[in-house]
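# Results of the structural survey
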Amino acid sequence: MSSTPPFSILVEPAGLHFEQRPGLSLLQSALAQGIRLPNSCRNGACRTCMCKLVSGNVDYQIEWPGLTREEKQEGWILPCVAEARSDLVIEVPDAVDLKK
Ligand code: FES
């Protein structure tokens, strides 16, 4: 897996791809490339976007994303306030390819 940008994100189980855009959240990057991930507040509070990180690393744009330490350890992330720091595989069963 690559550790230099641009990072590529694979969304399972649909097998959709998008790239982490500089300065954008994962959610914003996905939307900008025609992939809709579940979302609502877009500020890390409502947990609508919560999904499993299968592999890779993320950082958060805010100090206290609405996840418990246990949830983070289990691999849950909030894409609306997360940015990829490596190539990622995430699991989002409700992701929609808007380009189709
Ligand atoms: S959309 Fe609300 S926490 Fe991500």
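Below is a short write-up of the structure. Computed from a predicted structure; not experimentally measured. (Residues numbered from 1 in each chain as written. Predicted model: local features only at pLDDT ≥ 70, side-chain atom pairs only at ≥ 80, totals over all residues. Heavy atoms only, no water.)

### A look at the pattern of salt bridges
A pair can form between side chains of opposite charge whenever their charged atoms are brought close. Selection criterion: Within this document, salt bridges are pairs made up of a side-chain nitrogen of Lys or Arg and a carboxyl oxygen of Asp or Glu, the two lying within 4 Å of each other.
One pass over the structure, following the stated rule, counts four salt bridges. What emerges from the salt-bridge pattern is a single network uniting Asp59, Glu83 and Arg85.

### Some remarks on the sheet that holds strand E6 (residues 76–77)
Cut-off, in case you're wondering: Paired strands, in this sense, are two strands between which DSSP finds at least two bridges. For the purposes of this entry, the term helix denotes a DSSP run of H or I that reaches at least four residues, the term strand denotes a run of E that reaches at least two, and both are numbered from the N terminus.
With mixed pairing, the five strands of this open sheet are ordered in space as E2-E1-E8-E4-E6. The sheet is open, and its two edges are formed by strand E2 (16–19) and E6, each paired on a single side. Bridge count between strand E1 (residues 8–12) and E2: four bridges; the pairing is antiparallel. Note that in E2 the partner of Ser8 across the bridge is Glu19.

### Some points on the pairing of strand E4 (residues 51–55)
Direction of pairing for E4 relative to E6: antiparallel, over a ladder of two bridges. Across the sheet, residue Cys51 finds its bridge partner in E6, namely Ile77. As paired elements, E4 and strand E8 (residues 88–91) share three bridges and run antiparallel to each other. Opposite Leu53, over in E8, you have Ile90 as the bridge partner.

### Examining the nonpolar core
General note: in soluble globular proteins, nonpolar side chains tend to be found buried as a group. Stated precisely, the cut-off is as follows: Among the buried residues, those of types Ala, Val, Leu, Ile, Met, Phe, Trp, Tyr and Cys that are joined through side-chain atoms within 4.5 Å form a nonpolar core. Using a 1.4 Å probe on the protein chains alone, a residue whose accessible area is under 20% of its type maximum counts as buried, one over 50% counts as exposed, and one in between counts as partly exposed.
Counting residues in each nonpolar core, the largest one holds 25 residues, and the members touching the most others are Val11, Leu26, Leu37, Leu88 and Ile90. Elements supplying a minimum of two residues to this core: E1, E2, helix H1 (26–32), E4, strand E7 (82–84) and E8. Here the element with the most residues in this core is H1; it accounts for three residues.

### Focus: the pairing of E1
Here E1 shows a clear split, with Ile9 and Val11 buried on one side and none of Ser8, Leu10 and Glu12 buried on the other. Turn length for the E1-E2 hairpin, with the two strands adjacent in sequence and antiparallel, is three residues, and the turn residue Gly15 shows positive phi of about 75°. The sheet contact formed by E1 and E8 spans four bridges and is parallel. Bridge assignment links Ile9 to a residue of E8, and that residue is Leu88.

### A closer look at the side chain of Asp87
We count it as follows: For the charge count, each Lys or Arg is scored as positive and each Asp or Glu as negative, with His and the chain ends excluded.
Here Asp87 lies in the loop between E7 and E8. Buried charge Asp87 goes without a salt bridge, the closest partner of opposite sign being Arg85 at 11 Å.

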